[in-house]
Amino acid sequence: MATFLYKLGRLAFRRRHFVALIWVALLTLAGVGAASAPAAGSTSFSIPGTEAQKAFDLLEQRFPGMSADGATARVVFKAPHGQKMTDPGNKATVEDTVKELSDGSEVASVADPYTGHAVSKDGTIAYASVKYEVSGMELQDSSREALQDAAQDARDAGLTVEVGGDALQTTPETGATEIIGIGVAAVVLVITFGSLIAAGLPLLTALIGVGIGISTITALASALELGSTTSTLAMMIGLAVGIDYALFIVSRYRAELAEGREREEAAGRAVGTAGSAVVFAGLTVVIALVGLSVVNIPMLTKMGIAAAGTVVIAVLIALTMIPALLGYAGRKVQPTGKRSRWMGGDRAAKKAAAAATVSGTASGTASGTNSGTAAPAKPNMGTRWASFVVRRPVAVLLLGVLGLGAAAIPATSLELGLPDDGSQPTSTTQRRAYDLLSEGFGPGFNGPLMVVVDAKGSDDPDAVFKQVGNDVKGIENVVTVTPATPNKAGDTATITVIPDAKPSSVTTENLVHAIRAKGTEVKADTDASVLVTGSTAMNIDVSEKLNDALLPYLALVVGLAFLLLIVVFRSVLVPLKAALGFLLSVMAALGAVVAVFQWGWFAGLIGVEETGPVMSMMPIFMVGVVFGLAMDYEVFLVTRMREAYVHGEKPSQAVVTGFRYGARVVTAAAVIMMAVFAGFIGSSESMVKMIGFGLAVAVFFDAFVVRMAIVPAVLALLGKKAWWLPKWLDRALPNVDVEGEGLRTQTDKDGDGERELVRV
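Residues numbered from 1 in each chain as written. Predicted model: local features only at pLDDT ≥ 70, side-chain atom pairs only at ≥ 80, totals over all residues. Heavy atoms only, no water.

Novice: Got a minute to help me understand the sheet that holds strand S1 (residues 72-78) in this structure?
Specialist: By way of backbone hydrogen bonds, the strands of a sheet pair with one another, either parallel or antiparallel. With antiparallel pairing, four strands are arranged side by side in an open sheet as S2-S3-S1-S4. Since the sheet does not close on itself, it has two edges, and those belong to strand S2 (107-111) and strand S4 (160-164), each with one partner. Between one strand axis and the next, the sheet turns by 20° as a mean value, whatever way the strands run. Across five bridges, S1 lies against S4 in antiparallel orientation. Of the residues in S4, the one forming a bridge with Phe77 is Val161. Along the sheet face, helix H4 (residues 88-102) touches S1, S2 and strand S3 (125-132) and points at about 165° away from the line of S2. (Pairing = 2+ DSSP bridges. Helix = DSSP H or I, 4+ residues; strand = E, 2+ residues; numbered from the N terminus. Axes fitted to C-alpha atoms, helices over the stretch in contact; angles between N-to-C directions. Contact = heavy atoms within 4.5 Å.)

Novice: I would appreciate a short explanation of the packing of aromatic side chains in the present structure.
Specialist: Two measures describe an aromatic ring pair: the distance that separates the ring centres and the angle between the ring planes. According to the stated counting rule, one finds nine aromatic pairs in the structure shown. Seen in terms of ring centroids, Phe597 and Phe693 are 5.6 Å apart; in terms of plane orientation they differ by 65°. Their pairing is edge-to-face. In this pair, Phe597 is assigned in helix H18 (residues 573-598) and Phe693 in helix H21 (residues 686-718), connecting sequence segments 96 residues apart. Just as Phe597 is buried, Phe693 falls in that class too. With a centroid separation of 5.7 Å and an interplanar angle of 25°, the aromatic rings of Tyr645 and Trp723 are classed as stacked. Of this pair, Tyr645 sits in helix H19 (residues 618-646) while Trp723 is found in the loop between H21 and helix H22 (727-732), placing the two residues 78 residues apart along the sequence. With relative accessibility at 11%, the residue Trp723 sits in the buried group. When the ring centre of Tyr328 is taken as reference, the NZ or CZ atom of Arg16 above it lies at 5.9 Å. Its end group placed over the ring of Tyr114, Lys91 keeps NZ or CZ at 5.2 Å from the ring centre. (Phe/Tyr/Trp six-rings, centres within 6.5 Å; stacked < 30°, edge-to-face > 60°. Buried < 20%, exposed > 50% of the residue type's maximum accessible area, 1.4 Å probe, protein only. Lys NZ or Arg CZ within 6 Å of the ring centre and 35° of its normal.)

Structure representation (structure tokens):
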């Protein structure tokens, strides 16, 4: 592989005009496609195989005019202090609001509070239910404005009015912190390279890659039903890996220049060595993201595939456009150790010349045997740290493991759920409507359960409907059970059940299971099916489905990546150590998420106004993404160590060598990735905020504790055993030559001094 990528890098360097033109054309094509594509339509949240989804599908068949997937809104009214909603003036205001809402072009129905028994017992709170013909994402802005105008008119009449439901669902905003994250990445790149030009290359290529990826997602959003969260997460991951992959290749290019190679040769070698690591690091990320499809949740599958597509683009751009841009940059990209004139390069050169003059004068007065001898270069921080770890591996290993173990303790209290209006900030009308309904009708009113009774095979459907209603009334923690509402055919009915606890509580979850257990008894007695659905039941089913899929997904992703890393490192213990280190970092990151979002520790610092259960998709999504990103650092850092070991260094010295060349770059890459992820903490979408925080913390733990401390400590303890591979497996595995061994033997052609690649 190194040989192929070496040739690719040199070709891109020589044919830079052609390569740049291709990528600019792709960006233009994707942009035109996004601009001309129809607006994204419905993003249906279907969960195949769950009981809630089966009930939802049954409602679509048996109640065709019900608009089961249509947007809903609850307009909640509260009377002024000392008044009631049944007072004539307040009642007239509500009736006017209901009439105003009914005139909407997309409104399917509006339930009057006074005819639908939607007034609280104390008479102070009432609500009107609005049903739309289209989903929340398809709802026109004019319909949302009409809803808000109607509420404002009622406020002007003296009532307290708030609006809940998904009718006000809008595209999430990320906020200014996303731009700050990119700014931090730019500063880190400038400090790392000491050159504005070199620092600008990774940013430019990452933005081009993300532009192509996001534009493609936008162009396909309508056809594939891709939600706004899909593009946000693709942007988050695409920016992070795009900058990092380019960073590694540019860093290796500068190192090759420092060894005296010509620029085209240096570009080829950079792509052949660091580019090989980029390919395999990208593969681990793609495997982790595409593997999300095993959960069989369409939305999660689409998110994973879209993000994986941006990673593939980031890899291809790093392998082709980076060497092309290096060709354009020419001498403006300096060898490692040199800084541009704008970054103090002239001053550094003058200081070096002065030091050399002093050294020469001193050597002239000393013995001739020492004449011209330069003082040894001071070891960099990576070298000093690795030397310390190699000397004290047990202490560093224990400290790292115990520290991550302590950070993971909150994860033992992990509670999962999906966000609803109760998790919204208190400043939103949705949250205030949620609180008013809880105040007037009880906490369970915000999470009603819909029981669907399919009595098509029963002799007496009406008797079955009545029996199910009576059975549910007798279950503990049930406040209200409405009479059954049959369809036109009379073979299917819906029953609404109001729990006595809030939707995200364990009590409500137990109630759902209890109703389903009763349904099993009804099925045995009457041959009628009883299904529980609704948003609350759907959330419970999603959480259980994700929990059940976590271990198989973990086994699949870690297993495939383990085999891939065996091929890369030609070792059994190094991939095993990489996988175990990942488990430590992801558990510690989950612990941090629980501490902040569930327990409320330091929640105010990142704008978390309401604590509650951790989003159901968070653990499995973090496992996938963090594993892929963790293997990035493993591949980039350990391939440098293996490269030194293969070329004859002792195992402990190879660890130090790997850190001397790789620690600075890996540190910069980790800081950049943390900054990019942390930039999404400012999002108004709770899921994006939580994922941004979780990934930023996970990268910190994995890069600075696992890869920078635990990995060198373990390798120092293992010694040569770290690189052990059974002979039969060594013969069976393909030699992908990630270390660039095929690039080691080169000879100069006679005459022009051009270096020619020779395979070993």
